[in-house]
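# Summary of structural features
What follows is each chain in one-letter form.
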2 protein chains.
Amino acid sequence: MSARNRASTEDPRVVRTRAAVVAAARDLFLRKGHAGTTMEEIATVAGIAKRTVYNNYADKDALFREIVGDAIAYAETFAHELPGQLASDLDAEDLPAALHDLGARMAHAILRPEIVALRRLLIGEARAFPELARAYFDRAPGRVIDALAAAFGTLADSAVLDVPDVRRAAEQFAYLVVGAPLDRAMLVGEAPGAAERAACAREGVETFLARYGRAPGRR
Amino acid sequence: MSARNRASTEDPRVVRTRAAVVAAARDLFLRKGHAGTTMEEIATVAGIAKRTVYNNYADKDALFREIVGDAIAYAETFAHELPGQLASDLDAEDLPAALHDLGARMAHAILRPEIVALRRLLIGEARAFPELARAYFDRAPGRVIDALAAAFGTLADSAVLDVPDVRRAAEQFAYLVVGAPLDRAMLVGEAPGAAERAACAREGVETFLARYGRAPGRR
DNA sequence: CCTACCGATCGGTAGG
DNA sequence: CCTACCGATCGGTAGG
């Protein structure tokens, strides 16, 4: 049985079918939600019969978890890359430019349409799939906050920042930079344009620096 | 016909029935969502027959819009009261205390379980009922931001605050004070406890004052 | 005669 | 892999 499973998993037809199902389901679930998407629709878009979808996934919820799990992993890669470039050897001169760069990249990444769509889906389905919403929270925003807190701690040790509570400062940085446009995107749909996103990030970083930056480092 | 309609609207039986339907529907829709609530369930909880629900509301969506409209109006009253107490005759001495009071009241109001539940419902149903999500955005967070911006403008005119862009400052104030706990509540469910909410509000206001407060007014 | 209300059921849909 | 079909559910309605 294990041999048969392995063989069927490697069968190129199975691989192609699964890829088509996943692509169709991802598009439909993210655009139309869980209840708004039918298994029939997924099969049609994937170009296969409904029965074939059930040959690969036990039921609708299993397919949904697979798709959302993939999307969370995708969001996690962004979360992981974001604060990585905030080098620990910054001096006070470089700090504002480095934080503005980080803020701009965060705003760009977090307000991507795919991420906004994923967040809306997760919040809407949080009652039915609480473990998925929590997994996203822990692996995407949670990971960004953790990394920011660690970076701020290092910068505080080298007296580039004056941060009494690194975790609080990390949250403030994140929500100063993307809070307003993200909340708007959740409720109104479309995120603000690139110019507004950039301005919000820039001004957010300035407010952060006003509290936590050391005076010599401000421009 | 107008006389007949008026008579039936004032019939105490009708009033009582409608109140029971609205109470049941509000509870169920906010706890279990639109698709997760059946008309049968609403009728049962209200203690009447399903047909009687349909005698008062054309269909499920009409009832849903009524309930959500009421909830938005409720949220709007909070939004309206919030920045009202930020008197325009503040001097620099009183400013920090007044802003901390405002921040604490905002955190308390916005993170109420009913408001959190309403926001989750609206975000989840934003695809199906975009006009409701937008109405909430305009009348609750939008109104708070507007009122904050107006208040900050007055305080800037009397040189109590130094605010180049009142709208931006208003958004930063709001999301510094509630951004992190609100985002967590949307995804993870329960909002943080009172102590964490208060600390987040307090530190948020401090960061706001670091940028926009005039030095003499800081304590 | 009208309004409010109820028990019973239908038409259509979607997961499996 | 498809057609056909089922058991169940639910929004909405007709008769009394």
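Residues numbered from 1 in each chain as written. Chains lettered and ligands numbered in written order. Predicted model: local features only at pLDDT ≥ 70, side-chain atom pairs only at ≥ 80, totals over all residues. Heavy atoms only, no water.

The next subject is the overall build of chain A. Scanning chain A for helices and strands turns up 11 helices and zero strands. Each helix (α) and strand (β) of chain A, taken in turn from the N terminus, gives the series α-α-α-α-α-α-α-α-α-α-α. (Helix = DSSP H or I, 4+ residues; strand = E, 2+ residues; numbered from the N terminus.)

With that settled, the discussion passes to the domain arrangement of chain A. Residue and element names in this part refer to chain A. When the domains of chain A are assigned, the result is domain 1 (1–57) and domain 2 (64–212). Each of domain 1 and domain 2 has a C-alpha centre, and the two are 33 Å apart. Contact with domain 1, which involves nine residues of that partner, is made by nine residues of domain 2. On the domain 1 side of the interface with domain 2, the three residues burying the most area are Phe-29, Leu-30 and His-34, jointly 65% of the side's total. Put simply, domain 1 and domain 2 have zero salt bridges between them. The interface formed by domain 1 and domain 2 contains zero residue pairs in polar contact (both at pLDDT 80 or more). A breakdown of the residues in the side of domain 1 that touches domain 2 according to their chemical character gives six nonpolar, two polar and one charged. (Domains from an automatic or database assignment. Contact = heavy atoms within 4.5 Å. Buried area = accessible area lost by both parts, 1.4 Å probe. Salt bridge = Lys/Arg side-chain N within 4 Å of Asp/Glu carboxyl O. Polar contact = N/O pair within 3.5 Å; in protein donor to acceptor, adjacent residues only side chain to side chain. Nonpolar A, V, L, I, M, F, W, Y, C, P; charged D, E, K, R; others polar.)

Residue and element names in this part refer to chain B. Between its first and last C-alpha atoms helix α2 (residues 12–32) spans 30 Å; for 21 residues at 1.5 Å apiece the expected length is 30 Å, and the two agree. In this structure, the buried residues of α2 make contact with α3 (39–46), α4 (50–56), α5 (60–81) and α7 (113–124). In the segment just after α2, Gly-33 is the residue with positive phi, at about 80 degrees. (Expected span 1.5 Å × (residues − 1).)

Residue and element names in this part refer to chain A. Relative to the assigned elements, Val-22 resides in helix α2 (residues 12–32). Here Val-22 falls in the buried class, since its relative accessible area comes to 12%. C-alpha of Val-22 to C-alpha of Arg-105: the two residues are 83 residues apart in sequence and 29 Å apart in space. Excluding anything up to four places from it in sequence, Val-22 contacts Tyr-57, Ile-67 and Asp-70. (Buried < 20%, exposed > 50% of the residue type's maximum accessible area, 1.4 Å probe, protein only.)

This part covers the pattern of salt bridges. Counted according to the given criterion, the structure contains 22 salt bridges over all chains. Glu-196 of chain A serves as the salt-bridge partner of Arg-168 of chain B, at 2.9 Å between the closest nitrogen and oxygen. Linking Arg-168 of chain B in helix α10 (residues 166–188) with Glu-196 of chain A in helix α11 (residues 194–212), this pair reaches from one chain into another. Exposure remark for Glu-196 of chain A: the relative accessible area of 32% places this residue in the partly exposed category. Taking the shortest distance from any N to any O, the salt bridge between Asp-146 of chain B and Arg-167 of chain B comes out at 3.1 Å. You can see Asp-146 of chain B sitting in helix α9 (residues 141–157) and its partner Arg-167 of chain B sitting in helix α10, a full 21 residues away along the chain.

With that settled, consider the relation of the copies chain B and chain A. Between chain B and chain A, the superposition needs a rotation of 180 degrees and an axial shift of 0.0 Å, giving an RMSD of 0.1 Å. Such a combination of rotation and displacement between the chain copies is what one expects of a two-fold axis. It is Gly-124 of chain B whose C-alpha, among those of chain B, lies nearest the rotation axis, at 1.7 Å. The fraction of interface residues of chain B whose copies in chain A are also interface residues reaches 100%, indicating that both copies meet through the same surface. (Least-squares fit on C-alpha atoms with pLDDT ≥ 70 in both.)

A word on the protein's contact with DNA strand D. DNA strand D sits among 13 residues. The nearest are Ala-49 of chain A together with Met-39, Lys-50, Tyr-54 and Lys-60 of chain B. At 2.9 Å, a backbone N or O of Met-39 of chain B approaches a phosphate oxygen of DNA strand D. Interatomic distance of 2.6 Å between a side-chain N/O atom of Lys-60 of chain B and a phosphate oxygen of DNA strand D. Looking at the surface near DNA strand D, the elements with two or more residues in it are α4 (50–56) of chain A together with α4 of chain B. (Near = heavy atom within 4 Å.)

Time to look at the layout of surface pockets. Empty space within the largest pocket amounts to approximately 460 Å³. Along the walls of the largest pocket sit 23 residues, with Ala-35 and Glu-125 of chain A together with Ala-35, Gly-124 and Glu-125 of chain B positioned nearest its centre. Among the residues forming the lining of the largest pocket, the class breakdown is seven nonpolar, eight polar and eight charged. (1 Å grid on protein atoms, 1.4 Å probe; cavity = no way out; pocket = protein on both sides within 12 Å on 5 of 7 lines; lining within 4 Å. Points joined across faces, edges and corners; volume = space filled by probe spheres on them.)

This part takes up the packing of helix α6 (residues 95–110) of chain A against α11 of chain A. All names here are of chain A. Contact pair α6 / α11: the axes reach a minimum separation of 9 Å and the direction vectors enclose 140 degrees. With respect to α11, the element α6 is oriented oblique. For the crossing formed where α6 meets α11, the hand is right-handed. Only Arg-197, Ala-201, Arg-202, Val-205, Glu-206, Phe-208 and Leu-209 of α11 make contact with α6, whose side of the interface consists of Leu-95, Pro-96, Leu-99, His-100, Gly-103, Ala-104, Ala-107 and His-108. Across the contact of α6 with α11, the residue classes break down as nine nonpolar, three polar and three charged. (Axes fitted to C-alpha atoms, helices over the stretch in contact; angles between N-to-C directions. Parallel < 35°, antiparallel > 145°, perpendicular 65-115°, else oblique. Left-handed = near helix turned anticlockwise from the far one by under 90°.)

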